[in-house]
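So the chains spell out like this:
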Amino acid sequence: AYSASRAEDAKALVDISRSFDGGFLTFVLPLILDGIFSKLAPGVFMPNTIQMTQKYDWRFSEVARRKRRDRALQLGILATALGAMGTVAFMVVRALVGVVMRAMA
């Protein structure tokens, strides 16, 4: 009974542990992003996964689920920000090309 109730946590712990083996993209970058986002919006984003696994009141499966949520929000925010910056850059380049074209005419 105990083993069955902890199976989800065991799988989550293995998955979390494996995510630390991936190098920069799956270990270092998430730590950096978690640090930035949890400082900017502590009510929305939790600390990094290592800190979360040390919380005794959180099961490993809860930590994994919460970090997936955090990661999805982080990616959404970053994608929106990059998209907005790309749009602004495009508008600036277009305006500059228009100015140059008018100056050459």
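Residues numbered from 1 in each chain as written. Predicted model: local features only at pLDDT ≥ 70, side-chain atom pairs only at ≥ 80, totals over all residues. Heavy atoms only, no water.

A few points about the packing of aromatic side chains
Taken as a whole and assessed by the stated rule, the structure comprises 2 aromatic pairs. Ring geometry for Phe20 against Phe27: centres 5.3 Å apart, planes inclined by 70°, an arrangement best described as edge-to-face. Taking relative accessible area as the criterion, Phe20 reaches 26% and is therefore assigned partly exposed. (Phe/Tyr/Trp six-rings, centres within 6.5 Å; stacked < 30°, edge-to-face > 60°. Buried < 20%, exposed > 50% of the residue type's maximum accessible area, 1.4 Å probe, protein only.)

Things to note about helix α2 (residues 24-40)
Along its 17 residues, α2 runs 22 Å from first to last C-alpha, staying within 8% of the 24 Å computed at 1.5 Å per residue. Maximum bend of α2: about 30°, positioned at Pro30. By the burial criterion, the buried members of α2 are Pro30, Leu33, Asp34, Phe37 and Ser38. (Helix = DSSP H or I, 4+ residues; strand = E, 2+ residues; numbered from the N terminus. Expected span 1.5 Å × (residues − 1). Bend = angle between axes of the 7 residues up to and from the residue.)

Quick notes on the nonpolar core
Formed by Ala12, Ile16, Met46, Met52, Val63 and Ala64, the largest nonpolar core amounts to 6 residues. If you list the elements that add at least two residues to this core, you get α1 (2-19) and α4 (60-104). (Core = buried A, V, L, I, M, F, W, Y, C linked by side-chain atoms within 4.5 Å.)

Let's talk about a nonpolar patch on the surface
Taken together, the side chains of Phe24, Leu25, Val28, Ile32, Ile36 and Leu40 define a hydrophobic patch exposed on the protein surface, amounting to about 610 Å² of accessible area. Within the secondary structure, Leu25 sits in helix α2. On the basis of relative accessible area, Leu25 is assigned to the exposed category, the value being 65%. (Patch = residues over 30% accessible without salt bridge, like charges linked within 9 Å, V, L, I, M, F, W, Y side chains within 5 Å. Areas by Shrake-Rupley, 256 points an atom, 1.4 Å probe, with all protein chains shown as cover. Salt bridge = Lys/Arg side-chain N within 4 Å of Asp/Glu carboxyl O.)

Some remarks on the side chain of Asp70
Of note, Asp70 is situated in helix α4. Of the polar contacts made by the side chain of Asp70, one reaches the side chain of Lys67; its length is 3.0 Å. Once you skip the residues sitting within four places of it in the chain, Asp70 turns out to touch Val44, Phe45 and Met46. (Polar contact = N/O pair within 3.5 Å; in protein donor to acceptor, adjacent residues only side chain to side chain. Contact = heavy atoms within 4.5 Å.)

Focus on the packing of α2 against α4
Packing of α2 against α4 leaves a shortest axis separation of 11 Å and a crossing angle of 80°. Taken together, the axis directions place α2 and α4 in an arrangement best described as roughly perpendicular. In contact with Pro30, Leu33, Asp34 and Phe37 of α2, α4 contributes Lys67, Arg71, Gln74, Ile77 and Leu78. When grouped by side-chain class, the residues that make up the contact of α2 with α4 number 5 nonpolar, 1 polar and 3 charged. (Axes fitted to C-alpha atoms, helices over the stretch in contact; angles between N-to-C directions. Parallel < 35°, antiparallel > 145°, perpendicular 65-115°, else oblique. Nonpolar A, V, L, I, M, F, W, Y, C, P; charged D, E, K, R; others polar.)

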